[in-house]
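Each chain, letter by letter, is given below.
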Amino acid sequence: MPVVLVTGGAGYVGSHAVLELLPHFQVIVFDNLSRGHRRLVPAGAEFIQGNLHDTARLADMMQSRRVEAVLHFSAYAYVGESVADPGLYFSNNVAGTLSLLEAMRQAGVQRLIFSSSCTVYGLPQSNPIHEDHPLAPISPYGQSKLMMEQILPAYEQAHGLRFFVLRYFNAAGCDAQGRSGELHDPEPHVIPRLLLAAQGRLPHFGILGDRHATPDGTCIRDYVHVTDLAVAHRQALQLLLDGHKSTTCNLGTGHGFSVRELIHAAEAVTGRSITVRIEPPRPGDPAGLVADARRARTILGWSPSHSSLPEILSSAWRWQQSQ
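Here the structure is a predicted model, which means the values were calculated and not measured.

Thresholds, definitions, all that
In this numbering scheme, every chain counts its residues from 1 along its sequence in written order. Selection of residues for local features in this predicted model requires a pLDDT of at least 70, selection of side-chain atom pairs for listing and counting requires 80 or more, and totals for whole chains, interfaces and linings are taken over all residues. Only hydrogens and water are removed before side-chain values are computed, so all heavy atoms of the structure are retained for them. A pair of strands is considered paired only if DSSP assigns at least 2 bridges between the two. Strands here mean DSSP runs of E at least two residues long; helices mean DSSP runs of H or I at least four residues long; both are numbered from the N terminus. Centres within 6.5 Å make a pair out of two Phe, Tyr or Trp rings, where for Trp the six-membered ring is used; the pair is then stacked when the planes are under 30 degrees apart, edge-to-face when over 60, and tilted otherwise. Relative accessibility decides the category of a residue: with a 1.4 Å probe and only protein chains considered, values under 20% of the type maximum give buried, values over 50% give exposed, and everything between is partly exposed. In plain words, nonpolar cores are sets of buried Ala, Val, Leu, Ile, Met, Phe, Trp, Tyr and Cys residues tied together by side-chain atoms within 4.5 Å. In this description, contact between two residues means that some pair of their heavy atoms is separated by no more than 4.5 Å. Each reported salt bridge corresponds to a side-chain nitrogen of Lys or Arg within 4 Å of a carboxyl oxygen of Asp or Glu. Between N-to-C directions, angles span 0 to 180 degrees; the directions come from axes that are lines fitted to C-alpha atoms, helices contributing only their stretch in contact. This arc is taken over the directions from the axis of the helix to the C-beta atoms.

## Let's talk about the sheet that holds strand β9 (residues 220-221)
Thinking step 1. Taken in spatial order, the three strands of this open sheet run β12-β9-β14, and their pairing is mixed. In this open sheet, the two strands that pair with only one neighbour each are β12 (257-258) and β14 (288-289).
Thinking step 2. Note: β9 against β14, two bridges, orientation parallel. Directly across from Ile220, in β14, lies its bridge partner Gly288.

This is the structure in structure tokens:
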């Protein structure tokens, strides 16, 4: 089986991607465990603890194990934290990725799946958002993702790198078999916080503004199940191995839900009433972010099959209750 390296494979999206890859590939997970968790690395994957900035070690490892492709998930991904500490984000997300690219060049590895984000679009001019929408990120996190997107074509021209850039909208849900899920501390994401409030582990759930330009005043987001994201990565990887050209794709469902709709759906799934408080909106928070994912359907043959709101919430609820 082809050997693939998954950086950040002990994290949320990365560990789900490893679960999807294992039946088809020999998988090596490389993670420094600063935010990942060793217990999320699935059985059957080789685990190596290390730092992205260790270029020589990465290159030696990839060469000795005859790695054929890399899936790169080792990014810090909290918008608010990136605003407070931009240096941390540029050091890890940009300099760390440059180290990985240099190691790949030295080892002769020329295929990369890059985990990007809808934050590269900034404040959308329209919804749904197509890949050709102007790129104008408003946070250091989004800027760090865009910087790497802009660097990849230069490596393609100079060194023959081929890549897929996959721009996620809102990753959500957990593995249906309970093998992996969200383990963040503190937990910044909407759905886990909503379910923590349903459990009574948070005193209330905060709605960040209720006067946005949406039908019910709360933000609308496109939630895509993390297992569907993992499938898209496997499909993109196979295309690269088959010789496909470099491509950028949105990953989303094309349909958004408001925060109030999430709350009602979570109460239905959990059978519990959730205490809600209205809190100040986050500066620059877009009222709506919804993907135009037609390119992913056309090129990858990808169609999200687990991303209904009840399935997302049910899988996340099962995981959260088990922790």
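On we go.
## Re the packing of aromatic side chains
Thinking step 1. Enumeration over the complete set of coordinates arrives at three aromatic pairs.
Thinking step 2. Here Tyr89 and Tyr141 contribute two aromatic rings whose centre-to-centre distance is 6.3 Å and whose plane-to-plane angle is 85°, an arrangement assigned as edge-to-face. Remark: Tyr141 occurs in helix α5 (residues 140-159) and Tyr89 occurs in helix α4 (residues 86-107); sequence separation between them is 52 residues.
Thinking step 3. Tyr89 gets classed as buried once you look at its relative accessible area, which sits at 0%.

## A look at the nonpolar core
Thinking step 1. Counting 37 residues, the largest nonpolar core has Val27, Leu237, Leu251 and Trp302 as its most contacted members.
Thinking step 2. Broken down by secondary-structure element, the contributors of at least two residues to this core are β1 (3-7), α1 (12-21), β2 (26-31), β4 (69-72), β6 (162-168), α7 (226-241), β11 (247-251) and α9 (294-300).
Thinking step 3. A per-element tally of this core places α7 first, with eight residues.
Thinking step 4. Look past the residues within four positions of Leu237 in its chain and what remains in contact with it is Val4, Leu21, Phe25, Ala69, Leu71 and Ile113.

## Focus on the pattern of salt bridges
Any two side chains of opposite charge can pair, on the condition that their charged atoms come close.
Thinking step 1. Scanning the entire structure with this criterion turns up 11 salt bridges.
Thinking step 2. The salt bridge partner of Arg234 is Glu20, with a shortest N-O separation of 2.5 Å. Of this pair, Arg234 sits in helix α7 while Glu20 is found in helix α1, placing the two residues 214 residues apart along the sequence.
Thinking step 3. When its relative accessible area of 17% is taken as the criterion, Glu20 is described as buried.
Thinking step 4. The salt bridge involving Arg221 is made with Asp285; its shortest N-O contact spans 3.1 Å.

## Topic: the sheet that holds strand β3 (residues 46-49)
Thinking step 1. Spatially, β3-β2-β1-β4-β5-β6-β11 is the arrangement adopted by the seven strands of the open sheet, whose pairing is parallel. The sheet is open, and its two borders are formed by β3 and β11, each paired with just one other strand. Neighbour-to-neighbour, the strand axes of the sheet open up by a mean angle of 20°, direction not taken into account.
Thinking step 2. Pairing between strand β5 (residues 111-117) and β6: seven bridges, direction parallel. Following the sheet pairing, Ile113 is matched in β6 by Phe164.
Thinking step 3. Strands in contact with α1 are β1, β2, β4 and β6; relative to β1, the strand with the most contacts, it is inclined by about 165°.

## Observations regarding helix α2 (residues 55-64)
An α-helix turns once per 3.6 residues; consequently, residues spaced three or four apart project the same way.
Thinking step 1. Here α2 has its buried residues at Thr55, Leu58, Ala59, Met61 and Met62. Viewed end-on, α2 has its buried residues packed into an arc of 165°, placing them on one side of the element. Projecting away from the buried face of α2 at angles above 90 degrees are the exposed residues Asp60 and Ser64.
Thinking step 2. Elements that come into contact with the buried residues of α2 comprise β1, β2, β3, β4 and α4.
Thinking step 3. Arg66 occupies a position one or two residues after α2 and carries a positive phi of about 55°.

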